[in-house]
Amino acid sequence: MPASAPSRRVVLAGTAATAALTAVPFLPGQALAAAPTATAASAYRWRNAVIGGTGFISGVLFHPAVRGLAYARTDIGGAYRWDDRTARWTPLTDHLGPDDWNLTGVEAIAVDRTHPNRVYLALGTYTQSWAGNGAILRSDDRGATWARTDLGVKLGANEDGRGTGERLLVDPRDSNTLWLGTRHDGLLKSTDRGATWAAVTGFPGSPSATGQGVTFLVAAGRTLYAGWGDGDGTASAKNLYRTANGTTWEAVPRQPSGTAAKVPIRAAYDRYTHELYVTYANAPGPGGQSDGSVHKLCTLNGKWTEVTPVEPGGTAADGSPDTFGYGGVAVDARRPGTVVVSTNNRWAEIDTVFRSTNGGRTWTSLKDTAVLDVSETPFLKWGGDKPKFGWWIQALALDPYDSRHIVYGTGATLYGTRDLKNWAPQIRGLEETAVRLLISPPVGEAHLISGLGDIGVMYHESLTASPSRGMASNPVFGSAMGLAQAAANPAYVVRTGWSNDGNGAYSNDGGKTWAPFKTQPSIAKDAPAPIATNADGSVLLWVFVHSDGTKYPAHRSADNGATWSEVTSFPKGATPVADPADPTLFYAYDTDTGTLLASTDSGRTFTARATGLPSGDSQFKLVAAPGRSGDLWLSTKGEGLHRSTDGGASFSKVTGVGASECLGFGKAADGADYPAIYQVGTIGTVTGVHRSDDEARTWVRINDDQHQWGWIGTAVIGDPRIHGRVYLATNGRGVQYGDPV
């Protein structure tokens, strides 16, 4: 996996400033008293631009009583249901809107063996002070509809420990009773199918504000087991508890201890042999693990046996330390003593899945004979010749109706096999990309070029198949930070992002192939940020912002990146915007001071124009209307939408827009002389995705309450060749595109 700065896959540092980089809710916009309201939603069909997975799959759960039914959870992209007949995942939480942005991460899933249509989700992405509390969703129709209970505690589906076992469990003795393990608030219990919850008294684990708390809940017959992630590895610090009656909890006797058994990650019970398998590591993961082990407990006599396939700490083939922990574990419901476990965070020798058919006495590494077919999702080659077997393997599941059907999650996909040898992504319908940047070219094969978190830039020659070129290479990026196209020379495209092999590149064929800039400013490797190119592609402006928020001077190049010079008058950290009609004009909006600055000398110098505009939020966005000089639109969240028709000398507030998160343009409607405008925001009192075909005088909502996708305020853009088509960036549900029905 290419090097990248902390991305939305990585646990946030816990500051409000960091939170703003990935997910921020709509501010409550105040509509003007005489403002028009949005018209009723226009019928649109919404689909994903297919990439295939792209994010961390934190858990997969096969239903024990229904053939071909499974559920998957992700760290920020919601939950999905698998249907074997269609070989496709169906998203289950797209109805969550902007106010519920913190609920798009799924901490845990539970199913009911005796009621096959019931499914439960524990939602909550972050536990920091700036994030809201978690919630429980419960369904009687496999996730088609939901009832909701808001919790009084926070859950952390995108924090350390997000790949541990299911923290939600239906009690095998009573389908009305559910258990929920939390990170910082102990163990909770519901006796009315999740409608209400209360803390469990007498549970031995002592929660803290910074710990992992309960790492999994699993049933072994009628006995419940709870993993505890806050032990220190010593024999006196217990990390596995059980209850036989649902009332009294105790530490499991003679449980493993030591660094390699510090944190219990997952557990699985073999009902034929009465053995509970537990994987351990020295940290909750998915990152930061360097030691681990696998043990099994005979629940009949209390005997523990270590069954670790390979002890971490050896020497890899390249001479580096072979450090890792253990992650997933699953047992074969049809074959006693057959179990699979996964390594996790094994970078030197690459993670693998081990399989045993004799209760862990001997193991076979399935990676060693694996044949990987990623032709359906070519990006998994990461710019190389072949894909990896995987990394960050904590989600691991074995089909209870097919002993040779195993799936495992990685940091970017879900691999599956039906014969223990041939593996391919089992990912159709599951799209988890955090999208940062969008371009819809006016000409060329692709109608979409996307800049993405973790997986760089992609050229979408088709919207219904994963890009055939995979990730843009030369160089390959981790997270993309900048993407721009010359308005009058669309063959010229530039991109910036995180990489060890250069942080900027250009294309002369519309984004199909790339070459790195010959040079780059020294700060680029540590703080790559947005880039702009002027209308004819002769000038570049590149800005730099470190992941800790530190802003650095912008740099300019007039020779395609061969040389760079500092632009001292450009506001540090602002996003440069090129005038689409005049190559001598650039604009920048200083969100610190609420000032619009402009350059009339191709980006050499900038001077202030309009002042006194909304300030204080780095996510305010300035865009220029295509084909026009000086026609600027400024989205300022709850402070509305503002427009300038004189190159930023003055702005007027657009009436009727209570809040504007982001805005873009597409092909004009038949008979219209102004491009269609697409906006994520609030019109009157209606929040959603809106389109205007009459220069923002009236708006129509084009999404609906079942298609909201949580936080969608990063980017929206229309197709310049197809009226009505719009592309929308989500934070964990990929690129959504909509067409009028």
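This is a predicted model, so every value here is computed, not measured. (Residues numbered from 1 in each chain as written. Predicted model: local features only at pLDDT ≥ 70, side-chain atom pairs only at ≥ 80, totals over all residues. Heavy atoms only, no water.)

## Details of the overall build of the protein
Summing up its helical and strand segments, the protein has 1 helix and 58 strands in all. Expected size for 741 residues packed as a compact globule is a radius of gyration near 27 Å; at 26 Å, the protein falls within 12% of this value. Burial analysis of the protein (741 residues in total) assigns 62% to the buried set. For the protein, the share of sequence-separated contacts (at least 6 apart) that also reach a separation of at least 24 residues comes to 53%. (Helix = DSSP H or I, 4+ residues; strand = E, 2+ residues; numbered from the N terminus. Rg over C-alpha atoms; globule rule 2.2 N^0.38 Å. Buried < 20%, exposed > 50% of the residue type's maximum accessible area, 1.4 Å probe, protein only. Contact = heavy atoms within 4.5 Å.)

## Notes on the environment of proline 312
Relative to the helices and strands, proline 312 is located in the loop between β21 (304–306) and β22 (314–315). Sequence separation between proline 312 and arginine 242 is 70 residues; the distance between their C-alpha atoms is 28 Å. Discounting residues that sit within four places of it in the chain, proline 312 has contacts with Ser290, Asp291, Gly292, Asp322, Phe324 and Tyr326.

## Some details on the sheet that holds strand β19 (residues 275–281)
The strand order β18-β19-β20-β21 describes an open sheet built from 4 strands, whose pairing is antiparallel. Each of the sheet's edge strands pairs with one partner strand only, and the pair in question is β18 (263–270) and β21. Within the sheet, the average angular offset between the axes of one strand and its neighbour, ignoring direction, is 25°. (Pairing = 2+ DSSP bridges. Axes fitted to C-alpha atoms, helices over the stretch in contact; angles between N-to-C directions.)

## Remarks on the pairing of strand β32 (residues 422–425)
Residues in a regular strand project their side chains so that they alternate between the two faces of the sheet. Residue alternation in β32 divides its side chains into a buried set, Trp423 and Pro425, and an unburied set, Asn422 and Ala424. As judged from the 2 bridges shared by strand β28 (residues 371–372) and β32, these two strands associate in the parallel manner. Bridge pairing in β32 links valine 371 to asparagine 422. Pairing geometry for strand β31 (residues 414–417) and β32, over 3 bridges, is antiparallel. In the strand pairing of β32, glycine 416 is matched with alanine 424.

## Thoughts on the packing of aromatic side chains
Under the defined criterion, the tally for this structure stands at 26 aromatic pairs. Here phenylalanine 324 and tyrosine 326 contribute two aromatic rings whose centre-to-centre distance is 5.6 Å and whose plane-to-plane angle is 70°, an arrangement assigned as edge-to-face. Exposure class is identical for phenylalanine 324 and tyrosine 326. Each is buried. On the numbers, 5.5 Å between centres and 70° between planes, the contact of tryptophan 382 with tryptophan 391 is edge-to-face. Taken individually, tryptophan 382 and tryptophan 391 each receive the classification buried, so the pair is uniform in this respect. Aromatic rings pair up to connect Trp179, Phe203, Trp228, Tyr241 and Trp249 into one cluster. Just above the ring of phenylalanine 324 sits the side chain of arginine 346; from NZ or CZ to the centre is 4.5 Å. For the cation-ring pair, arginine 495 lies above phenylalanine 477, with the distance from its terminal atom to the ring centre recorded as 4.4 Å. (Phe/Tyr/Trp six-rings, centres within 6.5 Å; stacked < 30°, edge-to-face > 60°. Lys NZ or Arg CZ within 6 Å of the ring centre and 35° of its normal.)

## Overview of the layout of surface pockets
In this structure, the second largest pocket spans a volume of roughly 1300 Å³. Leu61, Pro64, Arg113, Val218 and Ala219 are, among the 44 residues lining the second largest pocket, the residues nearest its centre. Grouping the amino acids of the lining of the second largest pocket by side-chain chemistry returns 28 nonpolar, 4 polar and 12 charged. (1 Å grid on protein atoms, 1.4 Å probe; cavity = no way out; pocket = protein on both sides within 12 Å on 5 of 7 lines; lining within 4 Å. Points joined across faces, edges and corners; volume = space filled by probe spheres on them. Nonpolar A, V, L, I, M, F, W, Y, C, P; charged D, E, K, R; others polar.)

## Remarks on the environment of histidine 63
Mapped onto the elements of the fold, histidine 63 is located in the loop between β2 (57–62) and β3 (69–74). Along the primary structure histidine 63 and aspartate 399 are separated by 336 residues, whereas in three dimensions their C-alpha atoms are 8.5 Å apart. Polar contacts involving the side chain of histidine 63 include one to the main-chain amide nitrogen of alanine 65, which spans 3.0 Å. In this structure the side chain of histidine 63 is engaged in a polar contact, spanning 3.3 Å, whose partner is the backbone oxygen of aspartate 112. (Polar contact = N/O pair within 3.5 Å; in protein donor to acceptor, adjacent residues only side chain to side chain.)

## A look at the sheet that holds strand β10 (residues 168–170)
If you trace the 4 strands from one edge of the open sheet to the other, you get β10-β11-β12-β13, paired in antiparallel fashion. The open sheet is flanked by β10 and β13 (198–199), the only strands paired with a single partner. Both strand β12 (residues 187–190) and β13 contribute to a ladder of 2 bridges, which runs antiparallel. By the bridge assignment, leucine 188 is partnered in β13 with alanine 199.

## Quick word on a positive patch on the surface
On the surface, Arg67, Arg334, Arg335 and Arg404 cluster together into a patch of positive charge. With respect to the helices and strands, the residue arginine 67 is situated in the loop between β2 and β3. (Patch = residues over 30% accessible without salt bridge, like charges linked within 9 Å, V, L, I, M, F, W, Y side chains within 5 Å. Areas by Shrake-Rupley, 256 points an atom, 1.4 Å probe, with all protein chains shown as cover. Salt bridge = Lys/Arg side-chain N within 4 Å of Asp/Glu carboxyl O. Lys, Arg positive; Asp, Glu negative; His and termini not counted. Charge placed at Lys NZ, Arg CZ, Asp CG, Glu CD.)

## Details of the pattern of salt bridges
One pass over the structure, following the stated rule, counts 29 salt bridges. With its nearest N and O atoms 3.0 Å apart, the salt bridge here joins glutamate 166 to arginine 73. Taken together, the positions of glutamate 166 in the loop between β9 (147–150) and β10 and arginine 73 in strand β3 put the pair 93 residues apart, joining distant regions of the chain. Across the pair, arginine 73 and glutamate 166 agree in class, each one buried. Here aspartate 140 and arginine 118 are joined by a salt bridge, their closest N and O atoms 3.7 Å apart. Separated by 22 residues along the polypeptide, aspartate 140 in the loop between β8 (135–139) and β9 and arginine 118 in the loop between β6 (106–111) and β7 (119–123) bring together distant segments of the chain. You can call aspartate 140 partly exposed: its relative accessible area is 47%. Judged by its relative accessible area of 15%, arginine 118 is buried.

## Here's the deal with unusual backbone geometry
The linkage connecting glycine 285 with the following residue, proline 286, adopts the cis geometry, with an omega of 5°. With respect to the helices and strands, the residue proline 286 is situated in the loop between β19 and β20 (292–298). Cis peptide bonds are those with omega within 30 degrees of zero, and the linkage from asparagine 474 to proline 475 qualifies with 0°. Position of proline 475 among the secondary structure elements: in the loop between β35 (456–460) and β36 (480–486). In the Ramachandran plot, asparagine 345 falls in the positive-phi region, its phi being about 65° despite a non-glycine side chain. Looking at where asparagine 345 falls in the secondary structure, it is placed in the loop between β25 (339–344) and β26 (353–356). Classification of asparagine 345 by relative accessible area gives buried; the value is 10%. Non-glycine residue tryptophan 709 carries a positive phi angle of around 65°. Here tryptophan 709 lies in the loop between β55 (700–701) and β56 (716–718).

## As for the side chain of threonine 730
Among the secondary structure elements, threonine 730 is positioned in the loop between β57 (726–729) and β58 (735–740). Within the local environment of threonine 730, its side chain forms a polar contact with the backbone oxygen of glycine 734, the two atoms lying 2.7 Å apart.

## A short note on the confidence of the model for the protein
Looking at the protein, the pLDDT average stands at 94 and 94% of residues meet or exceed 70. Here residues 1–6 is a poorly scored stretch, pLDDT under 50, and it has 18 contacts once near neighbours within four places are set aside; other chains count. (pLDDT = per-residue confidence, 0-100.)

## A look at the nonpolar core
Counting residues in hydrophobic clusters, the biggest one holds 38 residues, and the most contacted among them are Phe379, Ile406, Tyr408, Leu438, Ile455 and Tyr727. Looking at this core, the elements with two or more residues in it are β29 (396–398), β30 (406–409), β33 (435–439), β34 (448–452), β57 and β58. When residues no more than four places from it in sequence are discounted, the contact partners of tyrosine 408 are Val353, Leu372, Phe389, Ile393, Ala395, Leu396, Thr413, Leu414, Tyr415 and Trp423. One finds Leu69, Leu92, Ile109 and Leu137 within the second-largest nonpolar core, a separate group that totals 15 residues. (Core = buried A, V, L, I, M, F, W, Y, C linked by side-chain atoms within 4.5 Å.)

## Notes on the side chain of threonine 149
Here threonine 149 is to be found in strand β9. At 3.1 Å, the side chain of threonine 149 and the backbone oxygen of glycine 194 are in polar contact. The residues touching threonine 149, leaving out its near neighbours within four places in the chain, are Ala135, Ile136, Arg138, Gly194, Ala195 and Trp197.

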